[in-house]
Amino acid sequence: MNKKLIFMGTGPFALTALQGLWEHLEEGDTLAVYTKEAKKAGRGMKEKDGCVALFAKEKELPLYQPHSLKEEEAKAQFLALDADLVVVASYGLILPPYVIHGPRFGCVNIHASLLPRHRGAAPINRAILEGDAVTGVTIMQMDEGLDTGDMLKTCSTPIGEDECVGELFERLAEMGRDLLLSLLPDIWAKRLQPIPQDDSLSTYAGKITREDQELSFYKNTKQVLATIRGLSPIPCALCHTADGQLLKIFSATAAETELEGVPGQILAVKPQVLVKTVDGAVALGLIQPEGKGRMNALDAVNGRKLNLGDILQ
RNA sequence: CGCGGGGUAGAGCAGUUGGUAGCUCGUCGGGCUCAUAACCCGGAGGUCGUGUGGUUCAAGUCCCACCCCCGCAA
């Protein structure tokens, strides 16, 4: 039986899954791709294709980028594809009922958390930000709610002590891809036992806001480090130097010190740049002053971007 | 034509009203020290993003064009 697949996704997490799907496409199967429309972005505000769109174009897959799936035109287009299964991975658009219930095998979603924990847009960041020891990916049969569908299978992984979201993101993307591919035969055979989510245990992992990015040193070392790791390298933790310049912080480690100061104060610059927290200090690793490239904290000191005694906030 | 910062020794920066380049760190050599990531002395290392461009007696420093990097905002 030839199958008609549709993939819906946007961004690197989705791309990993799409690549896997494409590579394992069986003879005769078709694969169409939906991704968010190219939007004006970046310096100069030029329209730029996302990585999923680029991949689809490169492989000459049918590509659809509706502004919204709720429009009649998008609906007609979708129905005309007569899909057997829709695979969704961080698409970014709400799926109307006709999409969810239209395909013969419905829509399955790859979600980067162990549902029902961290439903929503930023599950990977939130898992680290909240100090979770374990996270994972879930393949679920979508329903009309936000990440509330029945789970088909999960796969978990421990979060490393020093792991930042960049590393975890990549790992989960691969796990999600592999889990989906391994499940595909069972999905076609309808052999899977859907497991309802326990709504009472659900948490919501909302999109990372600017406020989430603001780093406060009026927290303990563990929380400060979790914030930095949970946001690095994208979108990254932010604070401000003594002269009000934006300072991005990509990495830091816990440090022991006897020096005293107010939270955020630079206690030492040699051999490490130590910043006071509520219960200790952190040694800054890779940072980036406004308008500059990424550099080691010590380089920033040499270039006088940071000075002993300055207070970061 | 969204707003803005920047491209100067291996790294991070300074260079005022134009007169062929300095600082911190690193690096190499030497010294001090029980010792050192500390201190002292000395050295190497730069066609100042590109244009065999313009202005000038003279440009890193002014003008023009182009390339590249980055912050904001979306």
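Residues numbered from 1 in each chain as written. Chains lettered and ligands numbered in written order. Predicted model: local features only at pLDDT ≥ 70, side-chain atom pairs only at ≥ 80, totals over all residues. Heavy atoms only, no water.

Asks: Quick question: what am I supposed to make of the protein's contact with RNA strand B here?
Replies: Surveying the vicinity of RNA strand B reveals 21 residues, the closest of which are Met45, Lys292, Asp299, Asn302 and Arg304. Those atoms of RNA strand B that come within 4 Å of the protein belong to sugar or phosphate at a rate of 60%. With respect to RNA strand B, the side chain of Gln288 contributes an N or O atom lying 3.0 Å from a sugar or linking oxygen. One nitrogen or oxygen atom from the main chain of Gly303 is found 3.4 Å from a sugar or linking oxygen belonging to RNA strand B. At the level of elements, β3 (39-41), β11 (246-249) and α9 (297-302) are the ones that each hand at least two residues to the surface near RNA strand B. Partitioning the surface near RNA strand B into residue classes produces five nonpolar, six polar and ten charged. (Near = heavy atom within 4 Å. Polar contact = N/O pair within 3.5 Å; in protein donor to acceptor, adjacent residues only side chain to side chain. Helix = DSSP H or I, 4+ residues; strand = E, 2+ residues; numbered from the N terminus. Nonpolar A, V, L, I, M, F, W, Y, C, P; charged D, E, K, R; others polar.)

Asks: Got a minute to help me understand the layout of surface pockets in this structure?
Replies: Any empty space left between the atoms is revealed when a probe the size of a water molecule rolls over them. Here the second largest pocket is characterised by a volume of approximately 770 Å³. Lining the second largest pocket are 37 residues, and of these Glu161, Lys222, Leu225, Ala226 and Arg229 sit closest to its centre. Elements represented by at least two residues in the lining of the second largest pocket include exactly α5 (123-129), α8 (221-231), β12 (252-255) and β15 (281-284). In terms of residues, the lining of the second largest pocket owes the most to one element, α8, which gives eight residues. In the lining of the second largest pocket, the residues fall into 16 nonpolar, ten polar and eleven charged. (1 Å grid on protein atoms, 1.4 Å probe; cavity = no way out; pocket = protein on both sides within 12 Å on 5 of 7 lines; lining within 4 Å. Points joined across faces, edges and corners; volume = space filled by probe spheres on them.)

Asks: Looking at this structure, how should I read the side chain of Thr221?
Replies: Within the secondary structure layout, Thr221 lies in helix α8. Setting aside chain neighbours within four positions, we find Thr221 in contact with Ala254, Thr277, Asp279, Gly280, Ala281 and Val282. (Contact = heavy atoms within 4.5 Å.)

Asks: What should I look at first to understand the nonpolar core in this one?
Replies: A general feature of soluble globular proteins is that nonpolar side chains tend to end up buried together. In this structure, Phe7, Leu85 and Val87 are the most contacted members of the largest nonpolar core, which totals 40 residues. When residues of this core are assigned to their parent elements, the largest contribution, twelve residues, is made by helix α6 (residues 165-189). Contacts of Leu85, omitting those with residues within four sequence positions, involve Lys4, Leu5, Ile6, Pro103, Phe105, Gly106, Val108, Leu184, Ile187 and Trp188. Ile249, Val269, Val275 and Ile287 belong to the second largest nonpolar core, which has 26 residues in total. (Core = buried A, V, L, I, M, F, W, Y, C linked by side-chain atoms within 4.5 Å. Buried < 20%, exposed > 50% of the residue type's maximum accessible area, 1.4 Å probe, protein only.)

Asks: How should helix α2 (residues 51-58) be read in this particular structure?
Replies: Each α-helix turn comprises 3.6 residues. Residues three or four places apart therefore point the same way. Val52, Ala53, Phe55 and Ala56 are the residues of α2 that are buried. One face of α2 carries all of its buried residues, which in axial projection span an arc of 160°. Where the residues of α2 are buried, they touch β1 (4-9), α1 (12-23), β2 (30-34) and β5 (63-64). One or two residues past the end of α2 sits Glu60, with phi positive at roughly 55°. (Arc of directions from axis to C-beta.)

Asks: It is not clear to me how the environment of Leu215 should be interpreted in this structure. Could you clarify?
Replies: Tracing the chain through its elements places Leu215 in the loop between α7 (210-213) and α8. Given a relative accessible area of 5%, Leu215 falls into the buried group. Residues Leu215 and Gln313, spaced 98 residues apart in sequence, show a C-alpha to C-alpha distance of 7.4 Å. For Leu215, the contacting residues outside a window of four places in its chain are Val224, Thr227, Ile228, Ala237, Leu238, Cys239 and Ile249.

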